[in-house]
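# Coordinate inspection notes
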Amino acid sequence: MKNIFLLARKDFIRKWRNPVVIIGFILIPVTLTFIFGLIFGPSEEKILPRIPVLAADKDQSIFSDFFLGFFKQGELNKLIDLKKVEEKEGRKLMDKGKASALLVIPENFGKNVWEGKTVEILLLKNPSEQFLPQIVEEVCDISTLLLSSVFSVFSDELVLIKSFIDQGNFPDKDVSSLSVRIKNRIEGISQFVFPPVISLKEKTIKEKEEESPFSIYGYILPAIATMFLLFICNAVFEDILREKEMGTLLRMTVSPLKISEFIWSKILTSALIGSLCTLILIGLGIIIFSIHWGNLFLVFFIVLCLNIMIAGFISFLYSFIRTERQAGAVLSSVFIIMSLLGGSMIPVESFPPFILNFSKLTLNYWGIQAFHKAIMNAPLKEVVPILLGMLFAGILFSFIGSYFLNNSLKKGLVK
Amino acid sequence: MLKITHLSKSFDSLKAVDDISFEVNKGEIFGFLGPNGAGKTTTISMIASLLKPDSGKIIIDSLDLDTNLRKIKKIMGVVPQEMAFYEELTAKENLVFWGKLQGVGRKTLEERIKYYLEKTALLGRENEPLKKYSGGMKRRINLIIGLIHQPKILLLDEPTLGIDVQTRLNIYEIIKEASSQGTTILYTTHNLQEAEELCHRIAIIDQGKILAVGTLDELIKIVGEKDIALISGNFSADQGRKILSSFKDASVISLEEGKTILSLEASKKMPLILEQFFKEGLSINDVSIKQPNLESVFLKLTGKELRE
């Protein structure tokens, strides 16, 4: 035991003096969490792009202006970027995908409306877009409905106005009578329209920070961190092969030290440095992302058990590996597959049940589950079995790994 | 102190060590001389318990290696060819680490570290990481690590490889001192001068077999008073044999195409031999004559130069 601590201390000093790799493995998950959080997390204000809409007004009347003017009112103006074009040019631009929709107002649109005839407005939608043309269509529906309603309500008055225009004569008496009729009509409908009987109050639901401790960062960081813990523990453990190359292992083998003590020291160092890095990541999670990790005492045990499991598993993997090149190729693949299946890259909740069975065979899955349960303040009876499982797996892997590594390391010492 | 009896080791069909036996006395510096692939490292590795022999016995300090491994490890030191230490750690940290691993007490360890650092002119730089040291300084630390627990037997594998003369002499001095204090040293090298200067006795090993063991004088007697001549040129083995058969006092050690090694009573005969070669129309590229020394012994015993 004394020798194991002596070796572990030596490895700690070495890593402390050459920390670049480990610092990198700590900073990457923090950076990734920050980026993913920005992309997938909630934000105060969603800035949507304005929808480009083309309008070919072949009528050029007061009515077509009135119709198109609807798109430039209030909130719609923020949503829709309306540009007047010739129909031919509009179609060309649509072919190039430069707009979400093209509105074509036919000739005699105003005249037909004036005369109470049915008119059709053509709406061409960009087939490569899914939602934006739909929004334009909805807006057109509403505006045509509104325009139709105005004409229905004021149909008598409009007919009168048309007769004035047709005759080219505006008698003062008839105009003042028309004004009174319009005023009465507006007053008659105003009690139903102003103020609106039903109004819409807009409110964005904010993160329920007080009700639930869970945040997007609290979801992402443990997942990504678990993946990088594999790499951190490996960065410590791969020294086992380097020491073989350097001749220090050979020198130790000739000393009273047992190879098994050397292997156990690497498992211990790997687990302790992994735990230390996890605690740093947890601290950074609190400082940078305000993650509420739940019961910190429980989290400490999760960190320990997870890193014991990872260190043990890596020792097991190294019993099959002979060179640093093999380690680089094989272990990176194993870690990435485990991370993919275990939920470090994609949430396991989105996996079909068949794949979920494989997820449960990965270290990542159990680590992430434990952290998420701690963050969600899940009852201890849900977390403790995971902790015990990780601890048991870690110890089991360590013993198996130590046994096989003992044999494989002895073999390659003499070059 | 060290007794090897009928030691053999094969790797598949290759017989790396073939039934060798020798003894090394307490405090003796025993040189193990041979070309690459002669079986030196395999023999040392078996003594260091890194390889298990196929047959034979290794007795160290009256203890059988098979049954007393842990006891023997405590009295054994090793200085491998590689710089087997941690470059991120300082010289002192390295020496403390290796000393503690060998079970040396704190106080004794401090005294020894100071002593050896002073001896190797490294005192004052003990707190610098070894990665800042020069090659020669690293070699000295590599040697001190092997000596820090004052082993009864020390295995040295080419400890002066690639270093300057000053460091080499410093290392010789330390090795000689350890030997005078009773440490038995098994010294592997293929530097003949080094073996001549440092070793009390030398074993010449080639193709897994020990060809000769003895002091330098004893080994030179194998060659006798004769010089060793080496002739290289464009001739076949048969042509060489035909010419040399007419010289009764020149015995052929080895003869192959383009190269022959002879043992001559006196090098005066050499012009006559060369004249004969020229008469036969054979060209000679190189001729060298060696006075009786370890190199000529090696040539005579192995039929090849050590650098091969």
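The sections below set out a description of the structure shown in this document. What you see is a predicted model; the values in this text were computed from it and never measured. (Residues numbered from 1 in each chain as written. Chains lettered and ligands numbered in written order. Predicted model: local features only at pLDDT ≥ 70, side-chain atom pairs only at ≥ 80, totals over all residues.)

## Topic: the overall build of chain A
Applicable threshold: For helices the rule is a DSSP run of H or I covering at least 4 residues; for strands it is a run of E covering at least 2, with both sets numbered from the N terminus onward. Contacts here follow a simple rule: the backbone-placed C-beta atoms of the two residues must lie within 7 Å.
Helix and strand counts for chain A stand at 18 helices and four strands. Taking the intrachain contacts of chain A between residues at least 6 apart in sequence as the baseline, contacts between residues at least 24 apart amount to 79%.

## Comments concerning the overall build of chain B
The line we're drawing: To sort residues by exposure, count the other C-beta atoms lying within 10 Å of each residue's C-beta; 20 or more gives buried, 12 or fewer gives exposed, and values between give partly exposed, all with C-beta atoms placed from the backbone.
Within chain B, the regular secondary structure consists of 11 helices and 14 strands. Burial analysis of chain B (308 residues in total) assigns 42% to the buried set. Taking all contacts inside chain B whose residues are at least 6 apart in sequence as the whole, residues at least 24 apart take part in 70%.

## Examining the environment of K111 of chain A
Tracing the chain through its elements places K111 of chain A in helix 6 (residues 109–114). Expressed as a C-alpha distance, the spacing of K111 of chain A and I62 of chain A, which sit 49 residues apart in the sequence, is 9.9 Å.

## Concerning the interface of chain B and chain A
Counting from both sides, the interface comprises 23 residues of chain B and, opposite them, 20 residues of chain A. Taken together, the elements giving at least two residues each to the side of chain B that touches chain A come down to helix 1 (40–47), helix 2 (69–74), strand 6 (76–79) and helix 3 (91–101) of chain B. If you tally residues by element for the side of chain B that touches chain A, the top one is helix 3 of chain B, at four residues.

## Focus on the nonpolar core
For clarity, the threshold we go by: What we call a nonpolar core is a set of buried Ala, Val, Leu, Ile, Met, Phe, Trp, Tyr and Cys residues whose membership is set by joining through C-beta atoms within 7 Å.
Ranked by internal contacts, the top residues of the largest apolar core, which has 150 residues, are I310 of chain A together with L186 of chain B. A per-element tally of this core places helix 10 (residues 216–237) of chain A first, with 15 residues. Ignoring any residue separated from it by four or fewer positions in sequence, one finds L186 of chain B in contact with L2, V24, F30, F32, I44, I47, L155 and L156 of chain B. F71, I105, V113 and V136 of chain A belong to the second-largest nonpolar core, a separate cluster that totals 19 residues.

## Describing the sheet that holds strand 1 (residues 51–57) of chain A
All names here are of chain A. Condition: Pairing between strands is defined by DSSP: at least two bridges between the two strands are required. All axes are obtained by fitting lines to C-alpha atoms, using only the stretch in contact for helices, and the reported angles, taken between N-to-C directions, cover 0 to 180 degrees.
Pairing within the open sheet is mixed, and its four strands lie in the order 2-1-3-4. Bordering the open sheet on either side are strand 2 (80–84) and strand 4 (122–125), each of which pairs with just one other strand. Shown here is a sheet whose adjacent strand axes are inclined to one another by a mean of 20 degrees, direction ignored. Pairing geometry for strand 3 (residues 101–105) and strand 4, over four bridges, is antiparallel. Residue pairing in the sheet places L102 in a bridge with L124 of strand 4. Contacts from helix 3 (residues 62–69) reach strand 1, strand 2 and strand 3, with the element oriented near 175 degrees to strand 1.

## Brief notes about the packing of helix 10 of chain A against helix 13 (residues 259–289) of chain A
All names here are of chain A. Our working definition: Roughly parallel here means an angle under 35 degrees, roughly antiparallel means over 145, roughly perpendicular means 65 to 115, and every remaining angle is called oblique. Crossing chirality is assigned from the near helix's rotation relative to the far helix, an anticlockwise turn below a right angle marking it left-handed and a clockwise turn marking it right-handed. All amino acids are sorted into three groups, where Ala, Val, Leu, Ile, Met, Phe, Trp, Tyr, Cys and Pro are nonpolar, Asp, Glu, Lys and Arg are charged, and the leftover types, Gly among them, are polar.
As a packed pair, helix 10 and helix 13 sit with axes 9 Å apart at the nearest point and diverge in direction by 150 degrees. One element, helix 10, and the other, helix 13, form an angle in the roughly antiparallel class. Taken as a pair, helix 10 and helix 13 cross one another with a handedness that is right-handed. Taking contact as the criterion, the partners of Y217, L221, A225, L229, I232, C233, V236 and F237 in helix 10 are, on helix 13, K266, T269, S270, I273, G274, C277, T278, L281, G285 and F289. Looking at the contact of helix 10 with helix 13, its residues break down into 12 nonpolar, five polar and one charged.

## Details of the sheet that holds strand 9 (residues 201–206) of chain B
Residues and elements named next belong to chain B. Taken in spatial order, the six strands make up an open sheet running 6-7-8-3-9-10, and their pairing is mixed. Across the chains shown, the open sheet's two edge strands, defined by having one partner strand only, are strand 6 and strand 10 (209–214). In this sheet, neighbouring strand axes are inclined to one another by 15 degrees on average, regardless of whether the strands run parallel or antiparallel. Of the pairings in the sheet, the one linking strand 3 (residues 29–33) to strand 8 (residues 184–189) comprises five bridges and is parallel in character. Directly across from F32, in strand 8, lies its bridge partner T188. Across the sheet, helix 6 (residues 165–180) lies against strand 3, strand 7 (153–157) and strand 8, angled at about 145 degrees from strand 8, the strand it touches most.

## Quick word on the packing of helix 2 (residues 20–40) of chain A against helix 10 of chain A
The description of two packed helices rests on the angle between their axes and on the distance between the axes. All names here are of chain A. Orientation of helix 2 relative to helix 10, taken along the N-to-C sense of each, is 160 degrees, at an axis distance of 9 Å. One way to sum up the angle between helix 2 and helix 10 is to call them roughly antiparallel. Judged by the twist between their axes, the crossing of helix 2 over helix 10 is right-handed. Only I216, Y217, I220, L221, I224, A225, F228, F231, I232 and A235 of helix 10 make contact with helix 2, whose side of the interface consists of V21, I22, F25, I28, P29, L32, T33, F36, G37 and F40. When the residues that make up the contact of helix 2 with helix 10 are grouped by side-chain class, the tally is 18 nonpolar, two polar and no charged.

## Details of the pairing of strand 1 of chain A
All names here are of chain A. The buried fraction of strand 1 amounts to six of the seven residues, a majority that puts the element mostly inside the structure. For strand 1 and strand 2, the ladder comprises five bridges, and the chain directions are parallel. The residue bridging P52 from the neighbouring strand is D81, located in strand 2. Where strand 1 and strand 3 come together, five bridges link them in parallel fashion. In the sheet register, D57 faces strand 3, and the bridge partner there is I105.

Distances and angles like these do not, on their own, reveal function.
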